[in-house]
Amino acid sequence: MAADDASHVPAWMEPMLAKADGGRLRSGPEWAYEYKLDGYRAAMRIAPDGTTVLTSRNNIDFTAEFRDLEGVLTPALDGRAAYLDGEVVVYGEDGRIDFERMQERRGRYVRHQSGPKGREFTDVPVRFLAFDLLRLGDRSLLATPYDERRRLLAELPMPDPYRVSVVRAVTFDELAADRRTPADFLAHAASAGYEGVVAKLRSSAYLPGQRPDSWLKHPLVRTQEVIVCGWRPGQRSFTGTLGGLLLGAHDPVTGDLVYIGDVGTGFSQATRDDLQAQLRAMERRTHPFVTTPPREDTVRARWVEPRLVGEIVYRQFTRGGRVRHTAWRGLRHDKDPAEVLAPRAVPHEPASPSPPSSPSPSSPAPSPSPSPEPAGQRITVQAGDRRLTLSNLDKVLYPAAGFTKGEVINYYSRVAAVLLPHLAGRPVTFIRYPNGVDGQKWFEKNVPKGAPAWLRTVRLAGTGGTIDYPLLDDLPGLVWAANMAALELHVPQWTVDSGTRRPPDRLVFDLDPGPGTTIVDCCRVAERLHDALVADGLTPYAKTSGSKGMQLYCGIRTDDPVAPSAYAKRLAQRLAKETPESVTAVMAKAQRTGRVFIDWSQNNPAKTTVAPYSLRGRDHPTASTPVTWDEVRACRHVNHLTFTADDVLDRIEDHGDLLAGLAGDGVPLG
């Protein structure tokens, strides 16, 4: 029965999400730990009559696709309704969760939807692993502490453990009693092939649709040298340039060159152009691998001689020999292709004849793999076409999140492709935090002493004389700035050309919530501004500030440097006059309590705003994040539009650059 027909099926709600822990796995008696599963997040909603509906994290009905899970818990509920949060997974022959097999199964299902009704996939059975219980009978458990929800979930009988079971969870105290630590649990997760660990606050409520600090994910990330064996032309915003690379490495046993996957993120535009030029000169008609890669991976592929070596970041190497969750780090001119060996998949454990289950945390942990060597005080890396010396990569810059300078550099390297177009030609002002966000900070406009000779700069007149601004238009410049702990990047609404300041090409409204208001109130003002701007023929784009407020941008064309400020001031004053109780266009602090300040003055040529995708110097590594207008209209809680570095990377994979059209939408402005 479909969800719409089953009136007693509990209503779907957005799932609670885990926030990245910034590289520091939390420790202490207030925490519990679960393995991070590699399947499809799903809600199992069960009516009193046993009607079962499976729904994805995006409210897509999974019931027909996973028909063999329907009704599996009905005997255990004794006529009660229930709402379970969990993951639908597939197991491999070795008894491990296997996302590749799940994807293969899903592809078969999609291709055969129009085939015979009731088609089953008995050769690839699925299993629902529940990790939370949100409703039982007439009782909502959302406000119930995690420990109690887990106790009630564990008490539910599992009539068919082959089809449904409860994800094992272990508390800090239970680990300690076994003379183990959270680090041991993480090592077990790594050796068992899991994606990572999720730490959950034992006293926390379940917050639908939110990503709070009470659920923190700790992914396992690795680096790998690769051989560039092909490339794909870009699409959409990357049309006309390189879209991604097809990667190879030598089998460590046979020495054969094998295909190990692809990478499509982490490139700056300059890197894309440079790689494309190099690869075009190395093209060949056929692939260079010992066996032909899967057809779905090689659509539009252009093959090259396997001469270039690069380095990627990845999270998983699959049973099928593929790297997953990849990002480009740069070319490795110091490496010979013959030296590049494929990573080894996690060693398989013997298959068990009993029903597959998650490894028990109370069982002895296998000996952890040797830990990566700690980052040295200074290392040399390849960034684009430059070699840079980086220092103190393990220095924590965000103490509350354990987020290090190395992670800051990694973040800026991975967002370079979408960030650099918004910095191109714009003098950059840094806010540097050399001792972390809890230490002293300072603004820096002039290029500091010791800057590399290759860094592009522009000399412009300032109020106290001339200023030599940095211009960050490539990956090496961005990495250099991150290595200086320049966490925040601020730019004006104009560009320079041949050392000359050009007229503004962007109009900006900076929405700053006063005391007693939040970004939720900013969203309501942003909706009104959106309608007014569209009525005037402009195309507005929205982004969060990464702090408390947000900004709206429009692409414009004008020869008058003061025109944007004049226009923005008129519109801000109009909205303030219409609703003086909620909006002000006056900067005075006395006027801002309970109101959103529309700061039109940011259009002054002497002022700057935080760049899209820039980190902010707050307790956690939040970033200024482009958002859709649907997200603005739906925002009802601060957490809905609060994004950390890890969130931003996920969003780029899903959306690309939501501000990509800004440069091409210039409209004449008086």
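We now turn to the structure provided with this report.

Reading guide: rules and limits
Residues numbered from 1 in each chain as written. Predicted model: local features only at pLDDT ≥ 70, side-chain atom pairs only at ≥ 80, totals over all residues. Heavy atoms only, no water. Helix = DSSP H or I, 4+ residues; strand = E, 2+ residues; numbered from the N terminus. Buried < 20%, exposed > 50% of the residue type's maximum accessible area, 1.4 Å probe, protein only. Contact = heavy atoms within 4.5 Å. Areas by Shrake-Rupley, 256 points an atom, 1.4 Å probe, with all protein chains shown as cover. Pairing = 2+ DSSP bridges. Phe/Tyr/Trp six-rings, centres within 6.5 Å; stacked < 30°, edge-to-face > 60°. Lys NZ or Arg CZ within 6 Å of the ring centre and 35° of its normal. Disulfide = S-S within 2.5 Å. Axes fitted to C-alpha atoms, helices over the stretch in contact; angles between N-to-C directions. Parallel < 35°, antiparallel > 145°, perpendicular 65-115°, else oblique. Left-handed = near helix turned anticlockwise from the far one by under 90°. Core = buried A, V, L, I, M, F, W, Y, C linked by side-chain atoms within 4.5 Å. Salt bridge = Lys/Arg side-chain N within 4 Å of Asp/Glu carboxyl O.

### Remarks on the overall build of the chain
What the chain contains, in helices and strands, is 12 helices and 38 strands. Classification of the 670 residues of the chain by burial places 53% in the buried group. A fraction of 69% describes how many contacts in the chain between residues 6 or more apart in sequence connect residues 24 or more apart. Accessible surface, the chain as shown: approximately 29400 Å² in total, 50% of it carbon and sulfur.

### Here we look at the sheet that holds strand E28 (residues 486-491)
The strand order across the open sheet built from four strands is E25-E24-E28-E36, with neighbouring strands paired in antiparallel fashion. The open sheet terminates on both sides in strands that have one partner only, identified here as strand E25 (442-444) and strand E36 (609-610). With two bridges joining them, E28 and E36 adopt antiparallel strand pairing. Among the inter-strand pairings, Val 491 is bridged to a residue of E36, identified as Thr 609.

### Considerations on the side chain of Ser 545
Among the secondary structure elements, Ser 545 is positioned in the loop between strand E32 (540-544) and strand E33 (550-557). When near neighbours in sequence (up to four residues on either side) are disregarded, Ser 545 contacts Met 550, Gln 551, Val 610, Arg 616 and Ser 624.

### Notes on the packing of aromatic side chains
Using the criterion set out here, one finds 12 aromatic pairs in the structure. Centroid distance Phe 62 to Phe 66: 5.3 Å. Interplanar angle 75°. Geometry classified as edge-to-face. On the accessibility criterion, Phe 66 (1% relative accessible area) is buried. Taken together, the ring pairs connect Tyr 33, Tyr 35 and Phe 185 into an aromatic cluster. The ring of Trp 215 has Lys 200 lying over it, and the distance from NZ or CZ to the ring centre is 3.7 Å. In this arrangement the basic side chain of Arg 501 is found over the ring face of Trp 494, its NZ or CZ atom lying 4.2 Å from the centre.

### Some remarks on the state of the cysteines
Enumeration over the complete set of coordinates arrives at zero disulfides. Here Cys 522 is not cross-linked by a disulfide; its sulfur's nearest cysteine counterpart is in Cys 523, at 7.0 Å. Cys 523 takes part in no disulfide bond, and the closest cysteine sulfur, belonging to Cys 635, lies 3.9 Å away. Among the residues examined, Cys 523 registers a relative accessible area of 0% and is labelled buried.

### Some details on helix H5 (residues 182-191)
When you tally the buried positions in H5, you get seven out of 10 residues, the bulk of the element. Close packing links the buried residues of H5 with strand E2 (31-36), strand E9 (169-171), helix H4 (172-177), strand E10 (196-201) and strand E11 (215-219). Of the residues one or two after H5, Gly 193 is the one with positive phi, at around 85°.

### Topic: the packing of helix H7 (residues 405-423) against helix H8 (residues 475-483)
The geometry of H7 relative to H8 is characterised by a closest axis approach of 9 Å and an angle of 140° between their N-to-C directions. Judged by the angle between their axes, H7 and H8 are oblique. Note on packing geometry: the crossing formed by H7 with H8 is right-handed. Facing H7, whose interface residues are Lys 405, Val 408, Ile 409, Tyr 412, Ser 413, Ala 416, Leu 419, Leu 420 and Leu 423, H8 presents Leu 475, Leu 478, Val 479, Ala 482 and Asn 483.

### A short note on the nonpolar core
Residues Tyr 411, Tyr 412, Leu 489, Leu 507, Phe 509 and Met 550 are the most contacted members of the largest nonpolar core, which totals 82 residues. When residues of this core are assigned to their parent elements, the largest contribution, 10 residues, is made by H7. Not counting residues up to four positions away in its chain, the partners in contact with Phe 509 are Leu 529, Leu 533, Met 550, Gln 551, Leu 552, Tyr 567, Ala 568, Leu 571, Ile 598 and Asp 599. Membership of the second largest hydrophobic core comes to 32 residues, among which are Val 228, Ala 249, Val 263 and Leu 279.

### Quick look at the pattern of salt bridges
Overall, the coordinates contain 30 salt bridges when judged by the stated rule. A salt bridge links Glu 578 to Arg 528, with the shortest nitrogen-to-oxygen separation between them at 3.0 Å. Of this pair, Glu 578 sits in helix H10 (residues 563-578) while Arg 528 sits in helix H9 (residues 519-535), and the two are 50 residues apart along the sequence. Salt-bridge contacts for Glu 578 lead to Arg 574; the nearest nitrogen and oxygen are separated by 3.5 Å. With Glu 578 and Arg 574 both in helix H10, this residue pair falls four residues apart, about one helical turn. On the basis of relative accessible area, Arg 574 is assigned to the partly exposed category, the value being 43%. Among the ionic contacts, a cluster of salt bridges with common partners joins Glu 34, Arg 150 and Lys 200.

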